[in-house]
Amino acid sequence: VTITTRLLVSHLSGIRHYEKDITKVKEEKEKANRALKLTKSHQDKEQKAKEGKGLEKTDCVKQKKEHDSETKSRHSKPGRNDKEFEQEEYYLKEKFESVIESLKIFKNDPLFFKPGDQFLYSTYGFTLLSAVVERASGQKFTDYMLKMFRDLDMLSTVLDDNEAMIYNRARCYIYNKKGRLVNAPYVDNSYKWAGGGFLSSVGDLLKFGNALLYSYQAGQFKNRNGKLLPGYLKPGTVAMMWTPVPKTEVSWDRDGKYAMAWAVVEKKQQYGCCRQQRHYASHTGGAVGASSVLLILPEELDPEVLGTWPVAPPRGVIVTIICNMQSVSLNSTALKIAREFDKEKRAQ
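Here the residue numbering is sequential within each chain, running from 1 through the sequence in written order. Where totals are concerned, whole chains, interfaces and linings use all residues; where local detail is concerned, this predicted model gives features only for residues with pLDDT of at least 70, and gives and counts side-chain atom pairs only at 80 or more. The side-chain numbers reported here are obtained from all heavy atoms of the structure, hydrogens and water having been left aside.

**Q** Explain the pattern of salt bridges to me, and be specific about the residues and the numbers.
**A** By definition, a salt bridge exists where a carboxyl oxygen of Asp or Glu is found within 4 Å of a side-chain nitrogen of Lys or Arg. Enumeration according to the criterion identifies 17 salt bridges in this entry. Of the charged contacts in the structure, one is a salt bridge between Glu300 and Arg346, with a shortest N-O distance of 3.6 Å. In this pair, Glu300 is assigned in the loop between strand 8 (290-298) and strand 9 (316-323) and Arg346 in helix 10 (residues 331-347), connecting sequence segments 46 residues apart. For each residue, the accessible area found with a 1.4 Å probe, counting protein chains only, is set against the maximum for its type, and the residue is called buried under 20%, exposed over 50%, and partly exposed in between. The exposed category is assigned to Arg346, whose relative accessible area is 53%. For Glu340, the salt bridge is made with Lys343, and the minimal N-O distance between the two is 3.4 Å. Placement of the pair is Glu340 and Lys343 together in helix 10, with a separation of 3 residues, close to one helical turn. Accessibility expressed as a relative area gives 46% for Glu340, which makes it partly exposed. Lys343 gets classed as exposed once you look at its relative accessible area, which sits at 53%. Here a strand is any run of E in DSSP of at least two residues, a helix any run of H or I of at least four, and the numbering for each starts at the N terminus.

Printed below as a string of structure tokens:
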């Protein structure tokens, strides 16, 4: 078989994630698909109820369900029933000197499917991707990334190195089996720098999001007398990264598809005066003792007035949340915050 970098970056390579048993992976995917079908069926019934009985009763039912869901979420203990973090490889303590060396963890394992046929989120796919970057650039992957972070002015973003003294490094927490809050166990993330091995701050992630959004929109601001600096990436590159890839899916956002290292929701509206999807890109992060999200909601630009605008890109809302607690779902919270700020900007 042939595995390309595009397949790796879109999780279509067939390389396993932490679970080694393909039967268990298939069972979990089937459960998720059944749950998705039930959700869609429920949404269809709600739509029919609105059409047949009016909006008032349906909205009351919807509000009650949302309230019940929020109450359940508030009183649940994050991580107590999270099977994802039952995988032993999350808790590796071995220190790897290079990304090439860390390939030994999975390099002899069989592929779960033919590359390009199915979607399977794989941290190890990104470990292989980091090895490709290292060989192509002729530099250690970690050196390559730290230089890039410096270019982006992300000076607080560093390797999650246990031995290094890192100013303001946060303590991480989990709930134990008894539901009590305890310190997260010791792990060494040198086996997966690319898939979860960096420490950062909210300020640095905002800089990262702004650099991407600027690059995405810079090509649309052409009538500024050449005063606009180029983006860190070409506009077409970011557009490609934020274009959904066929056969992909996203576990944390039912509206989204996976693109190239990003989950993307496309602009969509089926009915007038009804639910409208805005175009945005996001990604969550889950590690032992920590959770995070970065969400970018680009402003919908009017091509006719772009040249007369007094302000340059980036135009939009960027939300990032970093939480030193394991298994906290943050994407929907980030989206709600982004929509509120977007609404406020439109009202001005």
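**Q** Residue-level account of the environment of Phe119, with values.
**A** Note that Phe119 resides in the loop between helix 4 (99-102) and helix 5 (123-137). Phe119 gets classed as buried once you look at its relative accessible area, which sits at 7%. When the C-alpha positions of Phe119 and Ser10 are compared, they lie 7.9 Å apart, and in sequence the two are 109 residues distant. Leaving out residues up to four positions away in the same chain, Phe119 has contacts with Ser10, His11, Leu12, Lys29, Phe113, Lys247, Thr248, Glu249 and Tyr258. For this analysis, residues touch if any pair of their heavy atoms sits within 4.5 Å.

**Q** Go over the nonpolar core with me, naming the residues and quoting the values.
**A** Within soluble globular proteins, side chains that are nonpolar generally end up buried alongside one another. Residues grouped as a nonpolar core are buried Ala, Val, Leu, Ile, Met, Phe, Trp, Tyr and Cys residues, joined through side-chain atoms within 4.5 Å. Tyr124, Leu212, Trp242, Trp262 and Ile296 are the most contacted members of the largest nonpolar core, which totals 41 residues. For this core, the secondary structure elements donating two or more residues are helix 1 (5-9), helix 5, helix 6 (141-151), helix 8 (202-218), helix 9 (235-241) and strand 8. Ranked by residues supplied to this core, first place goes to helix 5 with 4 residues. Domain start and stop points were drawn from an automatic or database domain assignment. When residues of this core are sorted by domain, at least three fall in each of domain 1 (1-40 + 87-166 + 185-199) and domain 2 (200-347).

**Q** With reference to specific residues and values, describe helix 10.
**A** Over its 17 residues, helix 10 runs 24 Å from end to end, which matches the ideal 24 Å to within 8%, given 1.5 Å per residue. Every buried residue of helix 10 is accounted for by Asn331, Ala334, Leu335, Ala338 and Asp342. The buried residues of helix 10 occupy an angular sector of 95° when projected down its axis, which confines them to one face. Those residues of helix 10 that are exposed and aimed more than 90 degrees away from the buried face are Lys336, Lys343, Glu344 and Ala347. Close packing links the buried residues of helix 10 with strand 7 (280-287), strand 8 and strand 9. Given the number of residues in a helix, its expected span is that number minus one, multiplied by 1.5 Å. In this context, the arc is that of the directions from the helix axis out to the C-beta atoms.

**Q** Hey, could you go over helix 5 for me, with residue numbers and the actual values?
**A** Across its 15 residues, helix 5 extends 21 Å between first and last C-alpha, which sits within 8% of the 21 Å expected from 1.5 Å per residue. Within the span of helix 5, buried status applies to Thr123, Tyr124, Gly125, Phe126, Thr127, Leu129, Ser130, Ala131 and Glu134. For helix 5, the capping residue at the N-terminal end is Ser122, with a side-chain oxygen 3.4 Å from the backbone nitrogen of Tyr124. Looking one or two residues past helix 5, Gly138 carries a phi angle of roughly 75°, positive in sign. Distance and chemistry together define a polar contact, namely a pair of N or O atoms within 3.5 Å, with one atom able to donate a hydrogen and the other to accept it when in protein, and with adjacent residues in sequence counting only for side-chain atoms on both sides.

**Q** Summarise the pairing of strand 7; cite the residues concerned and give the values.
**A** In the sheet, strand 6 (residues 263-265) pairs with strand 7 via 3 bridges, with the strands oriented antiparallel. The residue bridging Val264 from the neighbouring strand is Ala281, located in strand 7. Here, strands pair whenever DSSP counts at least two bridges between them. Pairing between strand 7 and strand 8: 7 bridges, direction antiparallel. Note on strand 8: the bridge partner recorded for Ala281 is Ile296. Taken together, strand 7 and the strand that follows it, strand 8, pair antiparallel across an intervening segment of 2 residues, in which Gly289 is found at a positive phi of about 85°.

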